[in-house]
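# Inside the fold
Given next are the chains, with one letter for each unit.
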Amino acid sequence: MLGDDAELTAAVLAAQDGNETAFRTVYRSVHPRLLGYVRTLVGDPDAEDVASEAWLQIARDLDRFSGDADRFRGWAARIARNRALDHIRMRGRRPAIGGDETELTGRAAESDTAGEAMESLATDHTLSLIARLPQDQAEAVVLRVVVGLDAKTAAETLGKRPGAVRTAAHRGLKRLAELLGEDPESSGGLDGLPPQREPRGRAVTSASVTQSVARTQKDM
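Attention here is on the structure that accompanies the text. (Residues numbered from 1 in each chain as written. Predicted model: local features only at pLDDT ≥ 70, side-chain atom pairs only at ≥ 80, totals over all residues. Heavy atoms only, no water.)

## Here we look at the packing of helix α2 (residues 20–42) against helix α4 (residues 69–91)
The N-to-C vectors of α2 and α4 enclose an angle of 35°; their axes lie 10 Å apart at closest approach. Taken as a pair, α2 and α4 cross one another with a handedness that is right-handed. For the pair α2 and α4, contact is made by V26, V30, L34, Y37, V38, L41 and V42 and by F72, A76, A77, A80, R81, A84, H87, I88 and R91, respectively. Class assignment of the residues belonging to the contact of α2 with α4 gives a composition of 13 nonpolar, one polar and two charged. (Axes fitted to C-alpha atoms, helices over the stretch in contact; angles between N-to-C directions. Helix = DSSP H or I, 4+ residues; strand = E, 2+ residues; numbered from the N terminus. Left-handed = near helix turned anticlockwise from the far one by under 90°. Contact = heavy atoms within 4.5 Å. Nonpolar A, V, L, I, M, F, W, Y, C, P; charged D, E, K, R; others polar.)

## Some details on the packing of α2 against helix α3 (residues 44–61)
Any two packed helices are characterised by the angle at which their axes cross and by the distance between the axes. Following both chains from N to C, one finds α2 and α3 inclined at 135°, their axes separated by 9 Å at the closest point. Here α2 lies oblique to α3, going by the angle between them. Here α2 and α3 pass one another in a crossing that is right-handed. Listed contacts from α3 to F23, V26, Y27, V30, H31, L34, L35, V38, R39 and V42 of α2 are D44, D46, A47, E48, V50, A51, W55, I58 and A59. A breakdown of the residues in the contact of α2 with α3 according to their chemical character gives 14 nonpolar, one polar and four charged. (Parallel < 35°, antiparallel > 145°, perpendicular 65-115°, else oblique.)

## Focus on the pattern of salt bridges
Oppositely charged side chains can form a pair if their charged atoms are brought close together. Going through the model one piece at a time under the given rule, you end up with six salt bridges. Between R73 and D5 there is a salt bridge, and its shortest N-O distance comes to 2.6 Å. Of the two residues, R73 sits in helix α4 while D5 sits in helix α1 (residues 3–16), which places them 68 residues apart along the sequence. Among the ionic contacts, a cluster of salt bridges with common partners joins R60, D61 and R64. (Salt bridge = Lys/Arg side-chain N within 4 Å of Asp/Glu carboxyl O.)

## Re the packing of aromatic side chains
Both the distance between ring centres and the angle between the ring planes are used here to describe each pair of aromatic rings. Tallied over the entire structure, the rule returns five aromatic pairs. Ring geometry for Y27 against W55: centres 4.9 Å apart, planes inclined by 55°, an arrangement best described as tilted. Taken together, the positions of Y27 in helix α2 and W55 in helix α3 put the pair 28 residues apart, joining distant regions of the chain. Classification of Y27 as buried rests on a relative accessible area of 2%. With centroids separated by 5.2 Å and ring planes inclined at 40°, the aromatic side chains of F65 and W75 adopt a geometry described as tilted. With F65 in the loop between α3 and α4 and W75 in helix α4, this pair connects stretches of sequence that are ten residues apart. (Phe/Tyr/Trp six-rings, centres within 6.5 Å; stacked < 30°, edge-to-face > 60°. Buried < 20%, exposed > 50% of the residue type's maximum accessible area, 1.4 Å probe, protein only.)

## Things to note about the environment of L133
Structurally, the position occupied by L133 is in the loop between α6 (124–130) and α7 (135–146). Once the C-alpha coordinates of L133 and R171 are considered, the two residues, 38 residues apart in sequence, prove to be 9.7 Å apart.

Scope: geometric values only; no functional claims are made or implied.
Next comes the structure, spelled out in structure tokens:
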């Protein structure tokens, strides 16, 4: 197990025992990538609120989780996806962010390699471009590359076969590479994950979530 994964696994176990500092470690480790995933589903205006709802459920159900860091990321992503889909159902449709899918087709890319696209995925701007992919491709790309799930865990999150997720991710990355090759704003997208943002409005913080954890565990 890699160092970061070992640290996250240990933090999850400690958080399940009621350690609030450990839960904050889990939150800081997972939240930026989880928020990026939610953004591709619901758009920027609602992403913080939906992610906050997901973290409240994660805190409430943490005792039921069993597994290592990778399984935790998949479990958290599945909760976030369910909250996002509930939000979309209430609103009526998935948002169109910054354009439509037709802009991704028929373009000659400066590079035909998906690898260069992968390097740029974690910036705010590029996440908005991913959201313009067909939803199956957008989700597969973010879960595999941004959240960091393997094909099996991503498939469990989406309720699909691993092969279908690999295919969707491959197609999404290929289309994204085309779009990035044409996009003048994409040149600065190699700086890693976006900084963690403090939730707005009714959004929760890791501290407020850990209080929920403590109360939940005390009541059980």
